[in-house]
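# Commentary on secondary and tertiary structure
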Amino acid sequence: QVQLVESGGGLVQAGGSLRLSCAASLRTFSTFAMGWFRQAPGKEREFVAAISWSGGSTLYTDSVKGRFTLSKDNAKNTVYLQMNSLEPQDTAVYYCAARHWRPSPSIVIPDYAYWGQGTQVTVSS
């Protein structure tokens, strides 16, 4: 049973920072590429960032490039999304996702078979 548990969300002022973590109950975490997606109220879930199973390759949506950094620690079965210079438009529930036996990151929601419950990020202006 694959479990993904997100943490680190909260309320922050515009310009502030948060670091989201996603801990995975996976014995073979190094064979999973990981992604972060977000969903704002009344909007569809959208891609934020993704990382290859080795951690050596990343993808970001244009709106977060230069502000967010995704990293993967295979020894700790955890991925981290460092979010800096947060903007009110970043307010959403953030979801961690995993895709197995695919080395490359993906921006496509159906490519991910496993999902966490989400963590709320609220950025006040």
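Conventions used here
Residues numbered from 1 in each chain as written. Predicted model: local features only at pLDDT ≥ 70, side-chain atom pairs only at ≥ 80, totals over all residues. Heavy atoms only, no water. Helix = DSSP H or I, 4+ residues; strand = E, 2+ residues; numbered from the N terminus. Rg over C-alpha atoms; globule rule 2.2 N^0.38 Å. Contact = heavy atoms within 4.5 Å. Areas by Shrake-Rupley, 256 points an atom, 1.4 Å probe, with all protein chains shown as cover. Lys, Arg positive; Asp, Glu negative; His and termini not counted. Charge placed at Lys NZ, Arg CZ, Asp CG, Glu CD. Salt bridge = Lys/Arg side-chain N within 4 Å of Asp/Glu carboxyl O. Buried < 20%, exposed > 50% of the residue type's maximum accessible area, 1.4 Å probe, protein only.

In this section: the overall build of the chain. Within the chain, the regular secondary structure consists of 0 helices and 11 strands. When its helices and strands are written in sequence order, the chain yields β-β-β-β-β-β-β-β-β-β-β. Computed over the C-alpha atoms, the radius of gyration of the chain is 13 Å, within 12% of the 14 Å expected from 2.2 N^0.38 for a compact globule of 125 residues. C-alpha extents for the chain along the principal axes are approximately 40 × 25 × 25 Å. Restricting to contacts in the chain with at least 6 residues of sequence separation, those with at least 24 account for 60%. Accessible area of the chain: about 6400 Å², with a carbon and sulfur share of 48%. Side-chain charges in the chain split into 11 positive and 8 negative, and the spacing between the mean points of these groups amounts to 7 Å.

The subject of this paragraph is unusual backbone geometry. Phi is positive for serine 85, close to 50°, though the residue is something other than glycine. Structurally, the position occupied by serine 85 is in the loop between strand E8 (78-83) and strand E9 (92-100). You will see that tryptophan 101, though not glycine, has its phi angle at about 55°, which is positive. Tracing the backbone shows tryptophan 101 in the loop between E9 and strand E10 (114-115).

Let us look at the pattern of salt bridges. In the structure shown here, the tally under the stated rule is 6 salt bridges. Measuring nitrogen to oxygen at the nearest pair gives 3.0 Å for the salt bridge that ties arginine 38 to aspartate 90. You can see arginine 38 sitting in strand E4 (residues 32-39) and its partner aspartate 90 sitting in the loop between E8 and E9, a full 52 residues away along the chain. Comparing arginine 38 with aspartate 90 shows no difference in burial state: the two are buried. Note that aspartate 62 and lysine 65 form a salt bridge whose closest N and O atoms lie 3.0 Å from each other. Looking at lysine 65, the relative accessible area reads 49%, which means it is partly exposed. Taken together, the shared-partner salt bridges in this structure form one network comprising Arg38, Glu46, Arg67, Glu87 and Asp90.

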